[in-house]
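Here is what each chain is made of, one letter per residue.
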Amino acid sequence: MAEAFPVKPKLRPTSSKLTPSPEAKYWRSFKIPKDIETTPSKSFTFPINSIAFSPLAPHDFVATHSASVSIFSGKTLEPKPTISSFSDTAAAVSFRCDGKLLAAGDLSGTVHVFDAKSRSHLRRLKGHAAAVRSVSYPRAADKLHLFSGGDDSVVKYWDVTTEKSVFNLLGHKDYVRCGDASPISDEMFVSGSYDHRVRVWDVRVSNASSVMELNHEKPVESVLYLPSGGLIATAGGNFVKIWDVIGGGKLLYSMESHIKTVTALCMGKVARGSGEEAEENRILSVALDGYMKVFDYAKLKITHSIRFPEPLLSVGFSPDCSTRVIGTSKGNLYIGRRKAKVESEEVVGGLQWKIVEDDPGRKVPRPSYFRYFQRGQNLKPSEGDYLIKRPKKVKMAEFDKLLKKFRHREALVAALNRRNPESVVAVMEELVARKKLKKCVSNLDTEELALLLAFLQKYSTMPRYAGLLTKLANKVVELRAEDIKSSDQLRSCIRNLKRDVEEEIRIQQSLLEIQGIISPMLRIAARS
């Protein structure tokens, strides 16, 4: 027969409704605007390979799909005229640091440069022998160069004005699928390849070789410089890894939260107030498992996760923290918009009033408006409001209400009907303090007296209440002797009370005898 072991039951949560954290509420606040009719927000026929936001307000964004680049208004989210000057599928896109130019690479191996406003075709950079999968402009001040990576395993550094390649950076042994520019230096950038390697490049180095090589151990799908410029995030397989570039390429953390391949990374921000110092950076990762994960790399933990019904290929987040865009393999574009509060001031009647707008053009009513006084009780107070809290009404028991009205006999009867010995004894002690207990006992009718005697019979022998109740039992017999003699019910209660008291006396005598036997033995044991 097999030996059996006790199994500890699994713990279950005490509450089915868990309160979401402030950060979870923040990410859930990105919702599809009501003026966008379809769900998902926008749909195309081909996969969304790349998404990029303009660095300047109102932060228009672009998405590559098929042989086209679609531009969307950052203010209204409505599509603008599409750029279709490609001979093959567009695979990568990037804005220049001033937001005026737009570069996109396609599968024919060409990098196209467009005017972001007029969408006119300005340059064609030809030199890659295979598809261009990565295009990036420098982030700081350089407006004349860009770099690209392709399936020919070559990273090229271009002079846009002359349409010529300044450097052919060799080192990768497989497809170059991603890259990013350093936020602190226009001459440095990073590239990731399917050879599992991530290389850091500096065009100031004379031999044009990589200054650092990192081994991600999986084909690299996306690489991202973090805002400090000293850390790099890489994605490949179902891993996202954080590397310390300044510390010599040391691996700081490896996050394995996705089930399938991570396809794209981007920087997001959690806006906790006004000003740049109130913003905290996060890494947003999307994968083929349909999840978008939010990673706090300062605390090295996942802070939020969102599930989408399709495999995800690309992700973008606006610099003003108002818009989040995700592209899928089925050509759907999920756009989330967060309402931003806009504050302004007006002078009315010689006084300065602060106007807080949830939507542009909509004002919160001022005290001079009739609608101001028609607001509901669920309206949240503003920072300058004084909150006057109404004291909570204390629920009182029935006998407490009667005591406040000095109806002592009724209070005692109400406590006896509740059958809670602590409440009854408390009421009796209050009546003793008011010198009204004898009067109450004298005024009880037969049924109420039977209720009191039943209570005395049950609890008089309990040590906790014996001090008060035994004395009260003697007073009841003394004051109501005539009533007890004339009622069979009351005599029965007295007989039961007498029997219980005699039984308690016998028990106490037995205990005293046992104590008398044990006490000498304990003294002898203590001396020895």
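Just so you know, these numbers come straight off a predicted model, no measurement behind them.

**Considerations on the overall build of the protein**
When helices and strands are tallied, the protein shows nine helices and 29 strands. A buried classification covers 44% of the 528 residues belonging to the protein. By sequence separation, contacts in the protein at least 24 residues apart represent 44% of the contacts at least 6 residues apart. Accessible surface for the protein amounts to roughly 30,500 Å². Of this, 53% is attributable to carbon and sulfur atoms.

**Quick look at empty space enclosed by the protein**
Across all of its chains, the model carries one cavity of 30 Å³ or more by this definition. Taken as a whole, the largest cavity encloses approximately 30 Å³ of empty space. Lining the largest cavity, in full, are Phe53, Pro58, His59, Phe61, Gly74, Leu77, Ser318, Asp320, Ser322, Thr323 and Arg337. Considered class by class, the residues forming the lining of the largest cavity number four nonpolar, five polar and two charged.

**Re the environment of Val200**
As for its placement among the helices and strands, Val200 is situated in strand 15 (residues 197-202). On the accessibility criterion, Val200 (1% relative accessible area) is buried. Taking C-alpha positions, Val200 is 5.1 Å from Met212, a pair spaced 12 residues apart along the chain. Residues in contact with Val200, not counting those within four places in the same chain, are Met188, Phe189, Val190, Ser210, Val211, Met212, Tyr225 and Ile232.

**Description of the pattern of salt bridges**
All chains considered together, the criterion is met by 21 salt bridges. A salt bridge links Glu217 to Lys241, with the nearest nitrogen and oxygen atoms 3.6 Å apart. Taken together, the residues Glu217 in the loop between strand 16 (212-215) and strand 17 (220-225) and Lys241 in strand 19 (residues 239-244) connect sequence positions 24 residues apart. Salt bridges linked by common partners bring Glu23, Glu280, Arg282 and Asp296 together as one network.

**Considerations on the pairing of strand 5 (residues 90-95)**
Most of strand 5 sits out of view: six of its six residues are buried. The sheet contact formed by strand 5 and strand 6 (residues 101-106) spans five bridges and is antiparallel. When the bridges of strand 6 are listed, Val93 appears paired with Ala104. Remark: five residues form the turn of the hairpin made by strand 5 and strand 6, two consecutive strands paired antiparallel; Gly99 in that turn has positive phi of roughly 75 degrees.

**Points about unusual backbone geometry**
A cis amide bond links Ala57 to the next residue, Pro58, at an omega of 5 degrees. Position of Pro58 relative to the elements: it lies in the loop between strand 2 (48-53) and strand 3 (61-65). If you check the backbone angles, His59 has positive phi at about 60 degrees while not being a glycine. With respect to the helices and strands, the residue His59 is situated in the loop between strand 2 and strand 3.

**Considerations on the sheet that holds strand 20 (residues 250-255)**
Within the open sheet, the four strands sit side by side as 17-18-19-20. Their pairing is antiparallel. In the strand order of this sheet, the two ends are held by strand 17 and strand 20, each with one partner. Averaged over all adjacent pairs, the angle separating strand axes in this sheet is 20 degrees, with direction ignored.

**Regarding the pairing of strand 25 (residues 312-317)**
Counting buried residues along strand 25, five of its six residues qualify, which places the element largely inside the surrounding structure. Of the strand pairs in this sheet, strand 25 and strand 26 (residues 323-328) are connected by five bridges, and their pairing is antiparallel. Bridged to Val315 within strand 26 is Ile326. Two successive antiparallel strands, strand 25 and strand 26, enclose a turn made up of five residues, where Cys321 displays a positive phi of approximately 65 degrees.

**Some thoughts on the packing of aromatic side chains**
Evaluation of the coordinates by the stated rule reveals 16 aromatic pairs. Judged by centre distance (6.2 Å) and plane angle (85 degrees), the rings of Tyr459 and Tyr465 are edge-to-face. Just as Tyr459 is buried, Tyr465 falls in that class too. Taken together, Tyr26, Trp27, Phe30 and Phe317 form an aromatic cluster joined through their ring pairs. The ring of Tyr291 has Lys293 lying over it, and the distance from NZ or CZ to the ring centre is 4.8 Å. The cationic tip of Arg307 hangs over the ring face of Tyr291; the distance from NZ or CZ to the ring centre is 5.3 Å.

**Here's the deal with the sheet that holds strand 8 (residues 121-126)**
Two modes of strand pairing occur in sheets, parallel and antiparallel, and in both the strands are linked by backbone hydrogen bonds. With respect to topology, four strands assemble into an open sheet ordered 5-6-7-8, the strand pairing being antiparallel. Whereas interior strands pair on both sides, the edge strands pair on one side only; in this sheet they are strand 5 and strand 8. In this sheet, neighbouring strand axes are inclined to one another by 20 degrees on average, regardless of whether the strands run parallel or antiparallel. Bridging between strand 6 and strand 7 (residues 110-115) involves five bridges; their strand directions are antiparallel. Bridging from a neighbouring strand, Gly105 pairs with Val111 of strand 7.

Parameters at a glance
- Residues numbered from 1 in each chain as written.
- Predicted model: local features only at pLDDT ≥ 70, side-chain atom pairs only at ≥ 80, totals over all residues.
- Heavy atoms only, no water.
- Helix = DSSP H or I, 4+ residues; strand = E, 2+ residues; numbered from the N terminus.
- Buried < 20%, exposed > 50% of the residue type's maximum accessible area, 1.4 Å probe, protein only.
- Contact = heavy atoms within 4.5 Å.
- Areas by Shrake-Rupley, 256 points an atom, 1.4 Å probe, with all protein chains shown as cover.
- 1 Å grid on protein atoms, 1.4 Å probe; cavity = no way out; pocket = protein on both sides within 12 Å on 5 of 7 lines; lining within 4 Å.
- Points joined across faces, edges and corners; volume = space filled by probe spheres on them.
- Nonpolar A, V, L, I, M, F, W, Y, C, P; charged D, E, K, R; others polar.
- Salt bridge = Lys/Arg side-chain N within 4 Å of Asp/Glu carboxyl O.
- Pairing = 2+ DSSP bridges.
- Axes fitted to C-alpha atoms, helices over the stretch in contact; angles between N-to-C directions.
- Phe/Tyr/Trp six-rings, centres within 6.5 Å; stacked < 30°, edge-to-face > 60°.
- Lys NZ or Arg CZ within 6 Å of the ring centre and 35° of its normal.

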